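# Survey of secondary and tertiary structure
Here's the letter readout for the chains.
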Amino acid sequence: MLPDNINMKKWRLIFLPLLFLVAGCDELKNLGGTVEDYMQPSTSEMVMALKQALETGTGRAVEELNQQDGYFGDAAVKILFPPEAQKVANTLRDIGAGKIVDDFVLSLNRAAEDAAKEAGPIFVNAVKQMTIADARNILLGADDAATEYFRSKTRQQLYNSFQPKIKSALDRSYATKYWKDITTRYNQLPGVQDVNADLPNYAADRALDGLFLKLKDEEEKIRDNPAARTTEVMKEVFSWAKREKG
């Protein structure tokens with residue numbers, strides 16, 4: 001491995017002429033590639049590229065979700081009625097009260113869309129904590145290795161910070177009121193078991209699931225599509241990682 005204080009471009013300037021003198025152009029072609037194909041990035045370049053990729057990916061994910069219909073208009077991340085309370089939605093629709101259910105689902109997603117922007121700084125700060133060993137393992141790992149690492153290391157911290165913001169957004173969008181109206185009306189029906197799902201916790205969990213899903217999509221784009229790599233070091237390091245993984 002090259003010392004960290006020698007970057008890729010300096011390495012090329014120093015060793016590329018020597019390699020051509022020793023091997024010759026034809027022999028390099030016979031090896032199946034160029035000098036760059038056999039060159040490993042420095043540790044600092046690996047870390048820099050991965051952090052840039054995650055900052056880019058999280059930024060795009062947050063931006064995509066923090067707009068009208070960012071959650072509501074995307075079936076992959078849309079927050080639906082709490083599963084344990086689905087019977088509530090079905091019963092209310094059966095008795096002609098479907099509008100209150102629809103209003104609630106819309107307000108739930110609007111709250112998540114509003115709160116999504118708050119996750120940006122939290123993601124960026126978490127990226128900065130990544131170690132050198134983490135960077136190399138993630139670069140050569142599965143296509144969602146960064147996302148899964150990120151989820152396992154920071155989800156609880158993100159949740160603790162995100163949940164109050166989601167609750168505040170839910171209150172502002174009247175989702176909390178809609179939920180109270182729904183459960184009150186349902187619980188008054190004869191023969192039903194009371195439902196009291198924790199709405200802020202449920203919404204925060206689903207909102208974070210959506211963020212991680214979007215982050216996974218962005219990570220896969222950066223790994224597979226050179227056009228999604230926005231800096232030179234990202235292009236070089238992720239190209240190297242893709243060749244290393246075969």
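Residues numbered from 1 in each chain as written. Predicted model: local features only at pLDDT ≥ 70, side-chain atom pairs only at ≥ 80, totals over all residues. Heavy atoms only, no water.

## Some remarks on the packing of helix α3 (residues 43-65) against helix α7 (residues 132-139)
Applied cut-off: Helix axes are fitted only over the stretch in contact, all axes being lines through C-alpha atoms; the angle between N-to-C directions runs from 0 to 180 degrees. Numbered from the N terminus, helices here are DSSP runs of H or I no shorter than four residues, and strands are runs of E no shorter than two. Note on angle classes: values under 35 degrees are labelled roughly parallel, values over 145 roughly antiparallel, values of 65 to 115 roughly perpendicular, and the remainder oblique. Should any heavy atoms of two residues lie within 4.5 Å, those residues are considered in contact. Each residue is assigned to one of three groups, with Ala, Val, Leu, Ile, Met, Phe, Trp, Tyr, Cys and Pro labelled nonpolar, Asp, Glu, Lys and Arg labelled charged, and all others, Gly among them, labelled polar.
At their nearest, the axes of α3 and α7 sit 9 Å apart, and the two run at 70° to each other. Here α7 runs roughly perpendicular to α3, going by the angle between their axes. Here α3 contributes T43, M46, V47 and L50 to the contact with α7, which in turn contributes I132, A135, R136, I138 and L139. Its residues placed into classes, the contact of α3 with α7 shows seven nonpolar, one polar and one charged.

## Considerations on unusual backbone geometry
Of note in this structure, D69 is not a glycine but carries a positive phi near 70°. Within the secondary structure, D69 is located in the loop between α3 and α4 (86-94).

## Some remarks on the nonpolar core
Cut-off, in case you're wondering: Working definition of a nonpolar core: buried Ala, Val, Leu, Ile, Met, Phe, Trp, Tyr and Cys residues. They are joined through side-chain atoms within 4.5 Å. Residue burial is assigned from relative accessible area. The probe radius is 1.4 Å, only protein chains are included, and a residue is buried under 20% of its type maximum, exposed over 50%, and partly exposed in between.
In this structure, Y71, F81, I166 and L211 are the most contacted members of the largest nonpolar core, which totals 67 residues. Leave out the neighbours within four places in its chain, and I166 touches A111, A112, A115, P200, A203, A204 and A207.

## Remarks on the packing of aromatic side chains
The criterion, for reference: Stacked, edge-to-face and tilted labels apply to pairs of Phe, Tyr and Trp rings (six-membered ring for Trp) whose centres lie within 6.5 Å, assigned for plane angles under 30 degrees, over 60, and everything in between, in that order.
As enumerated under the stated definition, the model contains two aromatic pairs in all. The interplanar angle of 70° and the centroid separation of 5.3 Å between the aromatic rings of F81 and F104 together place this pair among those described as edge-to-face. Here F81, found in the loop between α3 and α4, pairs with F104, found in helix α5 (residues 98-115); they are 23 residues apart in sequence, far enough to count as distant. The pair formed by F81 and F104 is uniform in burial state, with each residue classed as buried. Measuring from ring centre to ring centre gives 6.3 Å for F150 and F212, while their planes differ by 80°; the resulting arrangement is edge-to-face.

## Some details on the confidence of the model for the protein
For clarity, the threshold we go by: pLDDT: the predictor's confidence for each residue, scored from 0 to 100.
Averaged over the protein, the pLDDT score is 79; the fraction of residues at 70 or greater is 83%. Put simply, helix α1 (residues 8-23) is where the protein has its lowest mean pLDDT, 44, and helix α10 (residues 199-224) is where it has its highest, 89. With pLDDT under 50 throughout, residues 1-6 is counted as low confidence; its partners more than four residues away or in other chains account for 12 contacts. When the criterion is pLDDT under 50, residues 10-33 qualifies, and its contacts beyond four places in sequence or with other chains add up to 22 contacts.

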